[in-house]
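# Commentary on secondary and tertiary structure
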Amino acid sequence: MNINTDTGIAELAARLEHYNAAYRSGAPEISDLEYDLLVETLRGLEPEHPFLQRVEPEEFSGRPEVRHPQPMLSTEKAYTREDLARFVARVRKEAEEIGVLNPLFRVTPKLDGLAGRDDGTVFATRGNGEVGYEVSSAFAKGMVPEGGRGLGMGEMVVVRSYFDAHLAGKFEHPRNLVVGIVSADTVNEDARRALDAGAVRFVPYAMLPRWEGDGDELVRCMEDIAEELAAEVDYPLDGMVAEAVDEDVRRSMGATNHHHRWQIAIKRKGDTARTTVEDVVWQVGRTGKVTPVLCVAATSLSGATIRRVTAHNAGFLEKNGLGVGAEIEIIRSGEVIPKVEAVVHAAAPELPAECPSCAAKLIREGDFLLCPDEHCPAQAVQALEHWFKTLGNADWFGRKTLERMAAAGYDELEKVYELGEEDFRRMGFGPVQSSNLAEAVLLSRTRPVEDWRFLAALGVEGLGTGDSRRLLENFRLEEVPDLTAERIEAIHGFGNVTARSIVDGMKRRGPTLRHMLDLGFRILPTGAARPADAAAPMAGKHVVFTGKMTASREAMQEQARALGALVQSAVNAKTDYLVCGEKVGAAKLAKARQIGTRILTEQEYLALVDGK
Ligand SMILES: NC(=O)c1ccc[n+]([C@@H]2O[C@H](COP(=O)([O-])OP(=O)(O)OC[C@H]3O[C@@H](n4cnc5c(N)ncnc54)[C@H](O)[C@@H]3O)[C@@H](O)[C@H]2O)c1
Ligand SMILES: [Zn+2]
């Protein structure tokens with residue numbers, strides 16, 4: 001399959017839509033592993049593709065629609081211990097920021113059926129996440145609500161031992177039987193018997209057996225935890241669900257349109273195989289990082305022939321003994337390119353001294369090798385490619401085209417935006433392509449583009465589209481090159497390392513940013529309310545509301561945010577004000593006093609906001 005073009009991407013997305021519809025209607029056409037691989041392929045090609053930004057929808061024609069009070073989301077997936085460790089680290093970081101020490105984690109078995117929500121009266125499927133289908137007739141047909149009605153979200157499943165004994169030959173997956181029962185008006189013979197045997201159930205997640213403990217233990221003992229929990233339930237499973245328990249942590253982490261940031265699915269491991277490292281190839285990235293890819297003896301793994309394995313960085317090779325001749329076990333699970341799972345026989349790696357693209361002497365920084373040359377062709381081409389791809393308002397600048405332009409000396413944005421049709425012809429492009437390229441240069445400048453895209457397109461480390469958006473909710477684009485790390489860090493969600501990396505990156509890219517602004521791009525500013533001028537009393541202040549307020553606490557928080565404050569859910573060293581309503585816990589007050597946070601009554605706070 002050729003999926004490196006826009007049509008290829010559109011085709012891949014269309015295939016995913018098709019497989020998803022088949023799966024949700026109870027008649028999957030491919031295995032989950034194959035499906036997940038296709039999803040990850042799409043993610044690799046276009047991380048922001050709309051298909052990946054929402055819950056995969058299901059449809060039950062003829063059932064009434066129900067809007068969920070809160071969206072029912074999908075889950076992010078962890079396929080390896082590394083993925084899980086990263087999730088734990090993210091939760092901890094957020095917890096620390098709001099003053100929760102050593103946050104508690106919970107693991108429950110991930111039931112593999114049809115998700116539903118039961119509020120005691122309405123029983124609905126997940127649908128598209130926002131709107132589901134009313135299916136309480138399933139209870140009338142004989143589905144058993146485990147633990148009783150009204151227990152919230154859960155999964156409709158068939159008891160596994162019953163399915164294995166009576167239905168395995170007839171249905172591919174227990175979910176297909178469940179979908180049949182929910183969607184049809186009359187149930188067939190097999191379904192009738194399963195229902196009569198009490199083998200079709202709605203299991204609220206609240207009824208599931210659980211493990212609770214700290215993050216280190218979770219990462220270390222992931223397999224044992226999963227094995228123990230799996231042994232406790234007689235339902236079909238699709239891995240485990242790990243999540244943060246603390247309500248404040250959950251609220252602070254929030255959700256994307258696709259999943260809760262405080263929850264992750266631990267999926268079963270993919271297939272593994274053994275092979276040997278035959279060569280190590282070094283690639284230069286956009287920011288000058290020179291990273292290795294392992295070329296291995298061709299081996300077959302979950303239906304594909306594997307020749308290349310991800311290897312992260314120079315430090316990874318050294319720590320694991322991944323040189324030519326090393327014997328390794330590789331794993332392919334969610335991602336397209338497999339990873340190293342274990343090293344069977346180590347071999348000392350040889351690290352390059354020079355950049356494979358420009359031959360500059362490489363610098364070592366932590367685990368990474370860096371090419372310091374600003375005019376390194378590999379970096380230049382990728383930086384330009386990233387620019388056009390992120391702006392997304394003009395096609396035509398593929399890798400090959402940019403390579404030719406860079407070779408002719410047009411290796412930075414300032415130069416590219418001066419190019420006209422004649423210049424492209426002189427580089428050897430044909431007349432039609434030259435005219436298209438010249439027009440594309442013009443279009444990318446004149447078609448409207450959001451400011452956060454523009455900022456992210458500069459390719460500064462730590463400034464992807466999400467962070468750019470958050471930054472521009474607080475500052476104007478023109479201000480960004482002059483921001484100090486302290487001002488960036490004051491924004492919720494930006495840590496010290498990111499803030500520094502942004503400041504460093506802006507030292508380099510700031511002049512380009514200004515130059516581009518001078519060219520007169522049509523930039524749409526981020527709509528969100530900016531904190532008013534610095535004289536506004538709450539702008540940039542960290543504030544915690546506690547106790548019972550005259551107005552609702554949510555309303556107070558909302559108003560504070562609109563005034564540019566950063567609302568926290570617990571007091572920590574960053575907190576400027578603790579605003580107290582009635583009945584405030586003694587522990588909270590003691591902590592605030594100890595740290596030296598200013599404590600305000602509701603009235604004092606309102607006076608402050610009014611500028612009195
Ligand atoms: N084979 C195919 O053609 C095909 C097509 C589409 C999707 N799929 C499969 O479906 C999955 C993606 O579907 P998805 O979006 O439903 O998401 P998902 O696999 O991420 O599961 C999310 C759901 O898990 C449920 N869940 C189960 N146990 C839970 C627990 N203990 N705690 C909390 N939630 C729990 C939640 O209701 C949530 O909606 C993939 O694994 C994919 O392989 C397969
Ligand atoms: Zn170089």
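The name given to the chain in an unreviewed UniProt entry is DNA ligase, and the organism recorded there is Desulfomicrobium orale DSM 12838. As its UniProt record puts it under Sequence similarities (unreviewed entry), the chain is described as follows: "Belongs to the NAD-dependent DNA ligase family. LigA subfamily." Recorded under Catalytic activity (unreviewed entry), the UniProt text for the chain is reproduced unchanged: "NAD(+) + (deoxyribonucleotide)n-3'-hydroxyl + 5'-phospho-(deoxyribonucleotide)m = (deoxyribonucleotide)n+m + AMP + beta-nicotinamide D-nucleotide."

### Observations concerning the overall build of the chain
Looking only at helices and strands, one finds 23 helices and 25 strands in the chain. With 612 residues in all, the chain has 49% of them scored as buried. Within the chain, contacts between residues at least 6 apart in sequence are counted, and of these 67% link residues at least 24 apart. Per element, the accessible surface of the chain, about 29400 Å² overall, is 49% carbon and sulfur.

### Some details on the pairing of strand S12 (residues 259–266)
Among the 8 residues of S12, 7 are classified as buried, and the element is accordingly described as predominantly covered. As judged from the 4 bridges shared by strand S2 (residues 74–78) and S12, these two strands associate in the parallel manner. What sits directly across from Ser74, in S12, is His259. One ladder, built from 4 bridges, connects strand S11 (residues 237–244) with S12; its direction is antiparallel. Residue pairing in the sheet places Val241 in a bridge with Ala265 of S12.

### Points about the coordination of the zinc ion (ligand 2)
Coordination of the zinc ion (ligand 2) by the protein involves Cys355 (SG), Cys358 (SG), Cys371 (SG) and Cys376 (SG), with metal-donor separations of 2.3 Å. Here the zinc ion (ligand 2) is ringed by 4 donor atoms whose angles at the metal span 100 to 115 degrees, and the overall shape comes out tetrahedral. Between the donor residues of the zinc ion (ligand 2), the gaps in sequence give the motif C-x2-C-x12-C-x4-C. In this pair, Cys358 is assigned in the loop between strand S17 (339–345) and strand S18 (363–365) and Cys371 in the loop between strand S19 (368–370) and helix H12 (377–391), connecting sequence segments 13 residues apart. By relative accessible area, Cys358 is classed as partly exposed at 22%. Classification of Cys371 as buried rests on a relative accessible area of 5%.

### As for the packing of H12 against helix H13 (residues 399–407)
Put simply, H12 and H13 touch, their axes get as near as 9 Å, and they point 130 degrees apart. With respect to their mutual orientation, H12 and H13 come out oblique. Classified by chirality, the crossing of H13 by H12 is right-handed. Here Val381, Gln382, Leu384, Glu385 and Phe388 of H12 come into contact with H13, specifically with Arg399, Leu402, Glu403 and Ala406.

### A look at the packing of aromatic side chains
Here the distance between the centres and the angle between the planes together describe a pair of aromatic rings. All chains considered together, the criterion is met by 13 aromatic pairs. Taking 6.0 Å as the distance between ring centres and 65 degrees as the angle between the ring planes, the aromatic pair formed by Phe424 and Phe429 counts as edge-to-face. For the pair Phe424 and Phe429, a shared accessibility class is recorded, and that class is buried. Consider the rings of Phe545 and Tyr605, whose centres lie 5.3 Å apart with planes at 90 degrees: the pair is edge-to-face. Of this pair, Phe545 sits in strand S22 (residues 542–546) while Tyr605 sits in helix H23 (residues 602–609), placing them 60 residues apart in sequence.

### Topic: the site of ligand 1
Around ligand 1 there are 27 residues in total, and Thr75, Lys77, Lys110, Tyr205 and Lys267 lie nearest to it. At 2.7 Å, a side-chain N or O of Lys77 approaches an oxygen atom of ligand 1. Between a nitrogen atom of ligand 1 and a main-chain N or O atom of Leu111, the distance comes to 3.0 Å. In isolation ligand 1 has 840 Å² of accessible area, and contact with the protein removes 94% of it. Here the shell around ligand 1 spans two domains, since at least three of its residues come from each of domain 1 (5–53) and domain 2 (67–267).

### Quick look at the UniProt feature "binding site: Zn(2+)" (unreviewed entry) in the chain
According to UniProt, the positions carrying the feature "binding site: Zn(2+)" (unreviewed entry) are Cys355, Cys358, Cys371 and Cys376. These annotated residues cover 22 residues of sequence, and their C-alpha atoms lie no more than 8.6 Å from one another, placing them together at a single site. Residues from the annotated list that form part of the lining of the second largest pocket: Cys371. Of note, Cys355 is situated in the loop between S17 and S18. Setting aside chain neighbours within four positions, we find Cys355 in contact with Val284, Ala360, Leu362, Cys371 and Cys376. Not counting the four nearest positions on each side in its chain, Cys371 is found in contact with Gly288, Val290, Cys355, Cys358, Ala360, Leu362, Cys376 and Gln379.

### A closer look at the nonpolar core
By size, the foremost hydrophobic cluster in this structure holds 46 residues, and its most contacted members are Trp387, Phe424 and Leu471. Where this core is concerned, the elements lending two or more residues are H12, H13, helix H14 (413–416), helix H16 (431–446), helix H17 (451–457), helix H18 (465–472), helix H19 (485–489) and helix H20 (496–518). For this core, the element with the most residues is H20, which contributes 6 residues. For this core, the two domains that each supply at least three residues are domain 4 (377–446) and domain 5 (449–524). In contact with Trp387, not counting residues within four places along its chain, are Leu413, Tyr417, Phe454, Ala457, Leu458, Met516 and Phe521. Tyr133, Ala138, Ile181 and Tyr235 belong to the second largest nonpolar core, which has 32 residues in total.

### Brief notes about a negative patch on the surface
Judged by side-chain charge, Asp224, Glu227, Glu228 and Glu232 come together as a negatively charged surface patch. By the secondary structure assignment, Asp224 is in helix H9 (residues 222–232). Overall, the relative accessible area of 48% leaves Asp224 in the partly exposed class.

What counts as what
- Residues numbered from 1 in each chain as written.
- Chains lettered and ligands numbered in written order.
- Predicted model: local features only at pLDDT ≥ 70, side-chain atom pairs only at ≥ 80, totals over all residues.
- Heavy atoms only, no water.
- UniProt positions renumbered as here; feature names shortened; annotations may be inferred.
- Helix = DSSP H or I, 4+ residues; strand = E, 2+ residues; numbered from the N terminus.
- Buried < 20%, exposed > 50% of the residue type's maximum accessible area, 1.4 Å probe, protein only.
- Contact = heavy atoms within 4.5 Å.
- Areas by Shrake-Rupley, 256 points an atom, 1.4 Å probe, with all protein chains shown as cover.
- Pairing = 2+ DSSP bridges.
- Donors = N, O, S within 2.8 Å, 3.2 Å for Na, K, Ca; no water.
- Tetrahedral: all angles 85-135°; square planar, octahedral: opposite > 155°, others 65-115°.
- Axes fitted to C-alpha atoms, helices over the stretch in contact; angles between N-to-C directions.
- Parallel < 35°, antiparallel > 145°, perpendicular 65-115°, else oblique.
- Left-handed = near helix turned anticlockwise from the far one by under 90°.
- Phe/Tyr/Trp six-rings, centres within 6.5 Å; stacked < 30°, edge-to-face > 60°.
- Near = heavy atom within 4 Å.
- Polar contact = N/O pair within 3.5 Å; in protein donor to acceptor, adjacent residues only side chain to side chain.
- Domains from an automatic or database assignment.
- 1 Å grid on protein atoms, 1.4 Å probe; cavity = no way out; pocket = protein on both sides within 12 Å on 5 of 7 lines; lining within 4 Å.
- Core = buried A, V, L, I, M, F, W, Y, C linked by side-chain atoms within 4.5 Å.
- Patch = residues over 30% accessible without salt bridge, like charges linked within 9 Å, V, L, I, M, F, W, Y side chains within 5 Å.
- Salt bridge = Lys/Arg side-chain N within 4 Å of Asp/Glu carboxyl O.
- Lys, Arg positive; Asp, Glu negative; His and termini not counted.
- Charge placed at Lys NZ, Arg CZ, Asp CG, Glu CD.

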